[in-house]
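Observations on the model geometry
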Amino acid sequence: MFALLRPLLTAFSLSSRPMRTLNSPVMSAVTSAPTVAELAAAVAGTPTGRRLLDEEVARNRGEGAPHSDARLRLFGKSESDVRVTLYRDTAAWCPYCQKVWLLLEEKQVPYKITKINMRSYGDKPAEYLRKVPNGLLPALEIDGKFMTDSIPIMLTIDAAFADHGPRMVPAAGSADRAAADGLLRLERELFRDWCSLTFQPGTGLFGSNKKAFEDTLRKVDSALGGTPGPWFLGGEAPSLVDLQYVSHVERMVASLAYWKGMRLRDATEYPHLCAWLDAFEARPSYLATKSDMYTHVMDIPPQYGPGYGIGEADPYAKAITGKDGSWDLPLRVLEPSFQYSLDPTPAALAALGEEAARHEAAFELLSNFDAIAAFAARATGQPGAKRFQAPLADPYAVSDPAALPPVSGALRHVADALLRGTEAVEAAAAAELGSSSARAKGLVQCLEYLRERIGVPRDMSAPAAVALRAHINWAIRMVK
């Protein structure tokens, strides 16, 4: 997994804390940028800020739109009606957690959420290990009983809450059940072919691994084209089959572009697959769980093993990691050609516009400013005594106190630029950041450390994440 801000999120969350106006040591750094309190008030007064604050109020009641920060989902019921607790990963990335999360949202089953680190990113609480000794995720507690393994969990929820939302599993003995069984076997074939291609050098002898994957994906595309509407079994809503597929297809889109130079969202080659992904992206439940490509390619190796790149993939790999200028200003994240159209911004997010992306990024940065600045200052601090498999994870690292004032000043300029535009703040930011030669190397390290650990959907939406990364790069260039 990615070890982005969620291993740090054992310490803080970019989006789960209230805005602060405390006169803390970090905030009192000498800088020409507005104070955090002033910036927080400014973002709260924007349409996006008001929307996000309203969503947070609803979320705290267990209502409103699905969100990675939610701890309680009621769907109009009372808390006494909750029979289910979902234990999912803190990073909001685990594909097996994602499909259970999606099923609960689609069926609107009231549930609570407890977040647990995946093994690669940090320690699991002793209390959780007492309940689930092997530490597996996801886990479900239903009526006081624990279970693990995503497919049995989904089957159990669908049966126990047959009167909630759409049925996810066709009746035993029905033609749809036979079709579902066959499609689930095909999904395992696709997964095996993806692993053989992604986690081995090259593309196989004479391209055999690539060909096998493409042949299987065409079978999947054909199956999607065999029913009315976008879903595998037809109907108005996704079934368990769709949920089983989408969590890994989403990761295939990113990983095969990054390591093998392949474009899966190609309507010429895979028209039904593209329509199916578009249909998922029109659903709030899926948008709340969907990662961006960068998060995926950072998170996959700690969980599945290293991917093996090929030279033809270099342009895509540079785009996904922002090395081709896609994380620079002016923002292009909402343009259809962004990152070669490998995974276009979902229409619902694109419709909000660039300003909304910038203001969301500012909102999340300011919502937990002190902890985020301290997190960035880990880059020049002390590494944690205990390390974990994910390269970006270091939950026990210690921040560098000397780095806090310059980091705070730089991030306040970043927030100001996100709110007012770089032209309005360029002169003041350049004068301050450009004069920091004595501390330039360490400040750049801290800003890069933060930039590389912004995760989607855990911290913010994909357009907001690109906006924040791009504005951090803007600040870095002025320091250099």
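Figured I'd write up the structure that's included with this text. (Residues numbered from 1 in each chain as written. Predicted model: local features only at pLDDT ≥ 70, side-chain atom pairs only at ≥ 80, totals over all residues. Heavy atoms only, no water.)

**A look at the nonpolar core**
- Among the nonpolar cores identified, the biggest contains 134 residues, and Ile157, Phe213, Tyr245, Val249, Trp276, Leu411 and Leu468 are the most heavily contacted of them.
- By residue number, the principal contributor to this core is helix H8 (residues 240-260), which donates 13 residues.
- Filtering out sequence-adjacent residues up to four positions away, Leu411 remains in contact with Leu365, Phe369, Ile372, Ala373, Leu447 and Leu450. (Core = buried A, V, L, I, M, F, W, Y, C linked by side-chain atoms within 4.5 Å. Buried < 20%, exposed > 50% of the residue type's maximum accessible area, 1.4 Å probe, protein only. Helix = DSSP H or I, 4+ residues; strand = E, 2+ residues; numbered from the N terminus. Contact = heavy atoms within 4.5 Å.)

**Re the pairing of strand S3 (residues 111-116)**
- The sheet contact formed by strand S1 (residues 72-73) and S3 spans 2 bridges and is antiparallel. Note that in S3 the partner of Leu72 across the bridge is Lys112. (Pairing = 2+ DSSP bridges.)

**Section: the sheet that holds S1**
- If you walk across this open sheet you meet the 5 strands as S1-S3-S2-S4-S5, and the pairing is mixed. Each edge of the sheet is formed by a strand with only one pairing partner; in this case those strands are S1 and strand S5 (145-148).
- Contacting S1, strand S2 (84-89) and S3, helix H3 (residues 95-107) crosses the sheet at an angle of about 145° to S2.
- Contacting strand S4 (139-142) and S5, helix H5 (residues 150-160) runs over the sheet at an angle of about 135° to S5. (Axes fitted to C-alpha atoms, helices over the stretch in contact; angles between N-to-C directions.)

**Some thoughts on empty space enclosed by the protein**
- This structure, assessed with the given rule, holds 3 cavities of 30 Å³ or more.
- In this structure, the largest cavity occupies an estimated 50 Å³ of space.
- Taken together, Arg51, Leu349, Leu352, Gly353, Ala356, Ala357, Glu360, Ser461 and Pro463 make up the lining of the largest cavity.
- Here the lining of the largest cavity is composed, by residue class, of 5 nonpolar, 2 polar and 2 charged. (1 Å grid on protein atoms, 1.4 Å probe; cavity = no way out; pocket = protein on both sides within 12 Å on 5 of 7 lines; lining within 4 Å. Points joined across faces, edges and corners; volume = space filled by probe spheres on them. Nonpolar A, V, L, I, M, F, W, Y, C, P; charged D, E, K, R; others polar.)

**Topic: the side chain of Arg469**
- Note on placement: Arg469 falls in helix H19 (residues 462-479).
- Apart from the residues lying within four places of it in its own chain, the contact partners of Arg469 are Asp292, Tyr294, Thr295, Trp327, Arg451, Ile454 and Val456.

**Description of the environment of Ser326**
- Summarising the element assignment, Ser326 is placed in the loop between helix H12 (314-320) and helix H13 (347-350).
- Separated by 11 residues in the primary sequence, Ser326 and Ser337 have C-alpha atoms spaced 11 Å apart.
- Setting aside its immediate chain neighbours within four residues, Ser326 contacts Ala319, Arg332, Phe338, Gln339 and Val466.
- Side-chain polar atoms of Ser326 contact the backbone oxygen of Ala319, separated by 2.9 Å. (Polar contact = N/O pair within 3.5 Å; in protein donor to acceptor, adjacent residues only side chain to side chain.)

**Structural notes on the packing of aromatic side chains**
- Enumeration over the complete set of coordinates arrives at 17 aromatic pairs.
- For the ring pair Phe191 and Trp194, a centre distance of 5.7 Å and an interplane angle of 50° mean the geometry is tilted. With Phe191 and Trp194 both in helix H6 (residues 175-198), this residue pair falls 3 residues apart, about one helical turn.
- Ring geometry for Phe232 against Trp276: centres 5.6 Å apart, planes inclined by 70°, an arrangement best described as edge-to-face. (Phe/Tyr/Trp six-rings, centres within 6.5 Å; stacked < 30°, edge-to-face > 60°.)

**Some remarks on the pairing of S4**
- Alignment of S2 against S4, held across 4 bridges, turns out to be antiparallel. Along S4, the bridge assignment pairs Thr85 with Glu141.
- Turn length for the S4-S5 hairpin, with the two strands adjacent in sequence and antiparallel, is 2 residues, and the turn residue Asp143 shows positive phi of about 55°.

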